[in-house]
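Notes for the structure review
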Amino acid sequence: MPPSTRRTRPPHAVLRIAGVLAVVSLAVTGCADGAGAALTASANDVTPTSPTPTADAPAPDPIDWSECGPGLDCATVEVPLEYTNPEGEQISLAVMRHRATDPEQRIGSLFINAGGPGVPASDLIKYIDPGSETSTFSPDVVARFDVVGMDPRGVGESDAVRCLTDEQRAEQAAENRDPSIPGGKPLGRLLQDARTFTQGCVTHQDRAFLASLSTDNVARDLDQVRAAIGEEQITFYGASYGTVVGPMYATLFPERVRQMVIDAPVDTDLWQNDPLQLLDEVARSNEETLDLWFETCRAEGVEACPFGDGDPEAAFDTLIADLEAEPLQVPPAEGLTPGGVLDGAMALEAVRAAAGARALWPSLTTGLLDAQQGDGTFLHFLLTHVTVAPFGGPFATLQEPHTAVRCVDWPALRNLGEHHAAAREITARGERLGSRAAYSALNCARWPAENKDRFTDELTGAGAPPILVVGGRVDNVSPYHWAEAMTERLEDAVLLTRTGVGHTSYRMSGPCIDEAVDAALIDGVLPADGTVCDAVPAGTTRPPAAPAGK
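Residues numbered from 1 in each chain as written. Predicted model: local features only at pLDDT ≥ 70, side-chain atom pairs only at ≥ 80, totals over all residues. Heavy atoms only, no water.

A word on the sheet that holds strand S11 (residues 493–501). Spatially, ten strands are ordered S1-S2-S3-S5-S4-S6-S7-S10-S11-S12 in an open sheet, and the strand pairing comes out mixed. Each end of this open sheet is capped by a strand with a single partner; those strands are strand S1 (66–69) and strand S12 (531–533). Strand-to-strand twist across the sheet, computed as the mean angle between neighbouring axes with direction ignored, equals 25 degrees. Note that S11 and S12 share three bridges and pair parallel. Bridge pairing in S12 links Leu 496 to Thr 531. Sheet contacts for helix H20 (residues 511–523): strand S4 (108–113), strand S5 (145–150), strand S6 (234–239), strand S7 (257–263), strand S10 (467–474), S11 and S12; angle to S7, the most-contacted strand, approximately 160 degrees. (Pairing = 2+ DSSP bridges. Helix = DSSP H or I, 4+ residues; strand = E, 2+ residues; numbered from the N terminus. Axes fitted to C-alpha atoms, helices over the stretch in contact; angles between N-to-C directions. Contact = heavy atoms within 4.5 Å.)

So, in structure tokens, the structure goes:
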């Protein structure tokens, strides 16, 4: 999910990033992380019941795999553009699998969705390394399953949505944003950005394709891929926005679910009916994680966390003001950053990303200390690699598919007054990250493709086997009460709770979570409802250069 115009790397990429920075060991987003605004969508925008396809989609051709890497196979599957017209125009979906390492003990196919929306599932598949402790999935899971990733329509190799030119992306990324005003720019500039974005979508994309990018179509696509592979049922793991895809699939095709785990859930009721409130709650979670970094920095003391000399909040506010008044010029650093300017608004974005992943807390401390001394390299690295990189990074294109999926899934947000009121409420809270949150759904106010059969039925997964819901106590993208709401909304679900900070828990939080998820996926054995796992390791703000004995 993560509902924003910027996006963090898929799970475990932060561990690699942290390694580059020589710190303890990402999680995040898939998602998509994000921030947003308050208030509700108009009740008139909500359809009472969802239309359903008028005919069954034709059976797809058997999948034709081609080897595309060690243990990897790739293929494409043809599916209907619109399932209301299953014999009509077809589109191609890119599919990748990591073959089970123990074929004799193979259970079946584990389908995954890495979140976003907009994160290619193939990204997660490529990170699978059966011999690594930080691999995307455990050795036991990789041994027993073909792990299958379908790039959702409009994402990755499945004709990723493209609305802006490289020049336009670079221009928008480099524009000055003022952290003291909602949205970072005057409203007129924000509206012009939205016009540029949506006009570019119309120029570069077919409107019918844009209108088809809904999550219910993604779930139907998954079922077509299941049929093409020849599986009777699927096992499913979804993270962040993938926790909308999973319950959608379980609601549409409950008898075809073998087992399902959803990690860092989205509140599907808010997603379907009240997106501005959803975005507002994400904004509050962003702030909560930053506040916890401040609290931990103070609690660990100045010998571990010297930033601010015991008052990190005051030092942070001074630093952001200083950077906004006099931005730092960051020279290129091979393997770290292409260089550029680091101002206050950019530093806030880097901090927002790092505060949400406890593995990056030591890097955050280092980055803030360095910036105080006039060196913005670490913070610029976080800005360009953990969030959308405007130059040379593979994630620079994700804003477009992310926005496209949100705008067709959500009720119409064309009333600018709702966006204005939401921005005012965020500003009134006086949060450090609020300017980033405000107006984050403005592109949807001008979205050029109407989803005439928007799915609005409650996602209960009725008839599917018990679903394991994994929620984190502190999650900068998916607040914990969303996991509680998901558990209540699903007809049959068990809640597993992780303490500590981070977006997603599996393979990021220690053996308690990993063993519970593995047991659910492999054996269908779920923990007792309400089980709590302590995150390992716990978050620390101590920079890696600080001796552990001090």
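Moving on, there is more to tell.
For the structure on display, the rule yields 23 salt bridges. A salt bridge links Asp 146 to Arg 97; its shortest N-O distance comes to 3.8 Å. Taken together, the residues Asp 146 in strand S5 and Arg 97 in strand S3 (residues 90–98) connect sequence positions 49 residues apart. A single burial state applies to Asp 146 and to Arg 97, both of which are buried. The salt bridge involving Glu 431 is made with Arg 429; its shortest N-O contact spans 2.8 Å. Classification of Arg 429 as partly exposed rests on a relative accessible area of 24%. Connected through salt bridges with shared partners, the residues Asp 73, Arg 97, Arg 99, Arg 106, Asp 146 and Glu 231 form a single ionic network. (Salt bridge = Lys/Arg side-chain N within 4 Å of Asp/Glu carboxyl O. Buried < 20%, exposed > 50% of the residue type's maximum accessible area, 1.4 Å probe, protein only.)

With that settled, the discussion passes to the packing of aromatic side chains. Applying the stated criterion to the full structure yields ten aromatic pairs. Seen from their ring centres, Trp 293 and Phe 294 are 5.6 Å apart, and the 70 degrees between their planes marks the pair as edge-to-face. Residue Trp 293 shares its accessibility class with Phe 294, and that shared class is buried. Seen from their ring centres, Trp 293 and Phe 307 are 6.3 Å apart, and the 55 degrees between their planes marks the pair as tilted. Within this pair, whereas Trp 293 is found in helix H10 (residues 275–300), its partner Phe 307 is found in the loop between H10 and helix H11 (312–325), the two being separated by 14 residues in sequence. In terms of burial, Trp 293 and Phe 307 fall into one category: buried. Pairwise contacts between aromatic rings join Trp 293, Phe 294, Phe 307 and Phe 316 into one cluster. Cation over ring: Arg 473 sits above Tyr 480, and NZ or CZ is 4.6 Å from the ring centre. (Phe/Tyr/Trp six-rings, centres within 6.5 Å; stacked < 30°, edge-to-face > 60°. Lys NZ or Arg CZ within 6 Å of the ring centre and 35° of its normal.)

The subject of this paragraph is the environment of Glu 324. Take Glu 324: it is sitting in helix H11. Accessibility expressed as a relative area gives 23% for Glu 324, which makes it partly exposed. As a C-alpha pair, Glu 324 and Asp 343 span 19 residues in sequence and 4.9 Å in three-dimensional space. Contact partners of Glu 324, with chain neighbours within four places excluded, come to Asn 176, Arg 177, Asp 178, Pro 179, Asp 343, Gly 344 and Ala 345.

Let us now look at H10. Between its first and last C-alpha atoms H10 spans 38 Å; for 26 residues at 1.5 Å apiece the expected length is 38 Å, and the two agree. A positive backbone phi angle near 90 degrees is found at Gly 301, which sits one or two residues after H10. (Expected span 1.5 Å × (residues − 1).)

Another point: the environment of Ser 285. Tracing the backbone shows Ser 285 in helix H10. Overall, the relative accessible area of 2% leaves Ser 285 in the buried class. Considering only alpha carbons, one finds Ser 285 and Gly 356, 71 residues apart in sequence, at a separation of 8.9 Å. With residues up to four places along the chain from it excluded, the contact list for Ser 285 reads Asp 475, Asn 476, Val 477 and Pro 479.

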